[in-house]
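Inside the fold
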Amino acid sequence: MAVRLELTGGLEWLDSIPESERATVFTALFAICDGSAFLTYGVFKVGGGPDRFLLTVAPELAIRIRIDWARSEFELLGFTRKALYWPQELDAL
């Protein structure tokens, strides 16, 4: 069963990125809403709780989100501007 998520907050973070990258971020946000982000983007679990994730949306841009699975909603927590790569230790699995 597919889960649809609703964006409930964090759009104020869009003011901190250049206009040229906003389309990329909006595409990622829509992918989170329809559930395809976990198939399209690199998704990493990050600290701060069981509901926090980092999605790589461009080579030098990742978005941080918090997902409330019980309410079917998510919140944009900010951006990270650093190159993120697949952890090499996962290649050995």
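As a starting point, this report considers the structure included with it.

Rules used in this analysis
Residues numbered from 1 in each chain as written. Predicted model: local features only at pLDDT ≥ 70, side-chain atom pairs only at ≥ 80, totals over all residues. Heavy atoms only, no water. Core = buried A, V, L, I, M, F, W, Y, C linked by side-chain atoms within 4.5 Å. Buried < 20%, exposed > 50% of the residue type's maximum accessible area, 1.4 Å probe, protein only. Helix = DSSP H or I, 4+ residues; strand = E, 2+ residues; numbered from the N terminus. Contact = heavy atoms within 4.5 Å. Phe/Tyr/Trp six-rings, centres within 6.5 Å; stacked < 30°, edge-to-face > 60°. Lys NZ or Arg CZ within 6 Å of the ring centre and 35° of its normal.

1. With respect to the nonpolar core
- By size, the foremost hydrophobic cluster in this structure holds 20 residues, and its most contacted members are Val25, Ile32, Leu55, Ile63, Ile65 and Phe79.
- Counting residues per element, the ones that place at least two in this core are α1 (19–34), β3 (52–58), β4 (61–68) and β5 (73–80).
- The biggest single contributor to this core is α1, with 5 residues.
- Setting aside its immediate chain neighbours within four residues, Phe79 contacts Trp13, Leu14, Ser16, Ile17, Val25, Leu61, Ala62, Ile63 and Arg64.

2. Re the packing of aromatic side chains
- Applying the stated rule across the entire model yields 2 aromatic pairs.
- Where Phe38 meets Phe53, the ring centres are 5.9 Å apart and the plane angle is 85°; that geometry is what we call edge-to-face. Of this pair, Phe38 sits in helix α2 (residues 37–40) while Phe53 sits in strand β3, and the two are 15 residues apart along the sequence.
- Summarising the aromatic geometry, the rings of Phe38 and Trp69 are spaced 6.4 Å apart at their centres and angled 40° between planes, so their arrangement reads as tilted. With Phe38 in helix α2 and Trp69 in the loop between β4 and β5, this pair connects stretches of sequence that are 31 residues apart.
- Here the aromatic residues Phe38, Phe53 and Trp69 are joined through ring pairs into a cluster of three or more.
- Taking the ring centre of Phe53 as reference, the NZ or CZ of Lys45 above it sits at 6.0 Å.

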